[in-house]
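# A look at the structure
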Amino acid sequence: MPSQPVYKRVLLKISGEGLCSKGSGLDAPAIAAVVQEILPVVKMGVQLGLVVGGGNLVRGRQLADNPNIHRATADYMGMMATVINALALRDCLEAAGIPARVLSAIPVTSVCEQWNYHRAAYHLDAGRVIILAGGTGSPFFTTDTCAALRASEIGAQVVLKATKVDGIFDSDPMTHPAAKRYEKLTYPKVLADKLGVMDLTAISLCMENNIPIVVFKLSTPGNLVGVIRGQSIGTLVTQ
């Protein structure tokens, strides 16, 4: 079992719910737990990009159910929620001694930098964690698609999708205790069976750029480091 990282540059997707423990809002202990998982990864010399969701604050798709709020407007509100989460995560990372920068696809220049590939690569090469906020900058795309897109742009060797369960299952393990976990899957299998771990656009983009996806449970201490060291944790999706 390798003790050194098998990936040099990684894109980690964290849901907004991963930053709270009560379903909504921001929770200091939950954020601290995420930071503690990231800390040893940075010490290993891994270049880390983060994409964070905003569902703990605003979920665009749910807002769009309001007949008076346009779907595009709802999605932009969701993108702004990711900026709030990214700023909180950045400050908590830096408080733990981890240099970090927020780059947003939506210009919010008074509080963070605007997304630019060259700037992102510069920060990664300088040993800083980059937190990529604002989604893709366009409505009708999820933060999963943002993760796949940014991973392709920065040349990440893998997309790590942090979830509440330890991989991809053939049914919902929260409601079906006998659900079977897959150790490995192919992109076509995930697409054909619509397994739902990421949206189809994100899966397709990773497939086109040959970027593996690992779906795993972040809240289990040591899982993130284990995945980056190549241990069999969660579910691996490849060609």
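See above for the structure.
Reference entry: report on the structure contained in this document. (Residues numbered from 1 in each chain as written. Predicted model: local features only at pLDDT ≥ 70, side-chain atom pairs only at ≥ 80, totals over all residues. Heavy atoms only, no water.)

Taken in spatial order, the nine strands of this open sheet run β4-β3-β5-β2-β1-β6-β10-β11-β9, and their pairing is mixed. Two strands bound the open sheet, and with one partner strand each, they are β4 (113-114) and β9 (184-186). Judged from the four bridges that link them, strand β1 (residues 9-14) and strand β6 (residues 158-163) form a sheet pairing that is parallel. When the bridges of β6 are listed, Lys13 appears paired with Lys161. The sheet contacts of helix α3 (residues 71-95) involve β2 (47-52), β3 (100-104) and β5 (129-133), and relative to β3 the element is tilted by about 170°. (Pairing = 2+ DSSP bridges. Helix = DSSP H or I, 4+ residues; strand = E, 2+ residues; numbered from the N terminus. Contact = heavy atoms within 4.5 Å. Axes fitted to C-alpha atoms, helices over the stretch in contact; angles between N-to-C directions.)

Moving on: the nonpolar core. Residues Leu12, Leu50, Leu93, Ile131, Leu160, Phe216 and Leu224 are the most contacted members of the largest nonpolar core, which totals 41 residues. Broken down by element, this core gets its largest block of residues, six residues, from helix α1 (residues 28-43). Excluding residues within four positions of it along the chain, Leu160 makes contact with Val10, Leu11, Leu12, Lys13, Val214, Phe216, Leu224, Val227 and Ile228. By size, the runner-up hydrophobic cluster in this structure holds 31 residues, among which are Cys146, Met198, Ile203 and Ile213. (Core = buried A, V, L, I, M, F, W, Y, C linked by side-chain atoms within 4.5 Å. Buried < 20%, exposed > 50% of the residue type's maximum accessible area, 1.4 Å probe, protein only.)

This part is about the environment of Leu191. The topology assignment puts Leu191 in helix α6 (residues 187-193). Between the C-alpha atom of Leu191 and that of Thr201, which follows or precedes it by ten residues, the distance is 9.5 Å. Once you skip the residues sitting within four places of it in the chain, Leu191 turns out to touch Leu200, Ile203, Ser204 and Met207.

This part takes up the pairing of β2. Of all six residues making up β2, six are buried, and the element is well covered by its neighbours. Neither face of β2 is open: one carries Gln47, Gly49 and Val51, the other Leu48, Leu50 and Val52, and all of them are buried. Sheet analysis places β1 next to β2, joined by six bridges and oriented parallel. When the sheet's bridge partners are listed, Leu11 is paired in β2 with Gly49. For the crossover from β1 across α1 to β2, the handedness is right-handed. Pairing analysis gives three bridges linking β2 to β5, with the strands arranged parallel. (Right-handed = clockwise from strand over helix to strand, strands pointing away.)

The final tally for this structure, using the stated rule, is ten salt bridges. The shortest N-O distance in the salt bridge between Asp144 and Lys13 comes to 2.8 Å. Of the two residues, Asp144 is situated in helix α5 (residues 143-154) and Lys13 in strand β1; the sequence distance between them amounts to 131 residues. Taken individually, Asp144 and Lys13 each receive the classification buried, so the pair is uniform in this respect. Linking Arg71 and Asp75 is a salt bridge whose minimum nitrogen-to-oxygen distance equals 3.0 Å. With Arg71 and Asp75 both in helix α3 and four residues apart, this pair spans about one turn of that helix. Classification of Arg71 by relative accessible area gives partly exposed; the value is 27%. Given the relative accessible area of 10%, Asp75 is considered buried. It is possible to trace a salt-bridge network through shared partners that takes in Lys13, Asp144 and Lys161. (Salt bridge = Lys/Arg side-chain N within 4 Å of Asp/Glu carboxyl O.)

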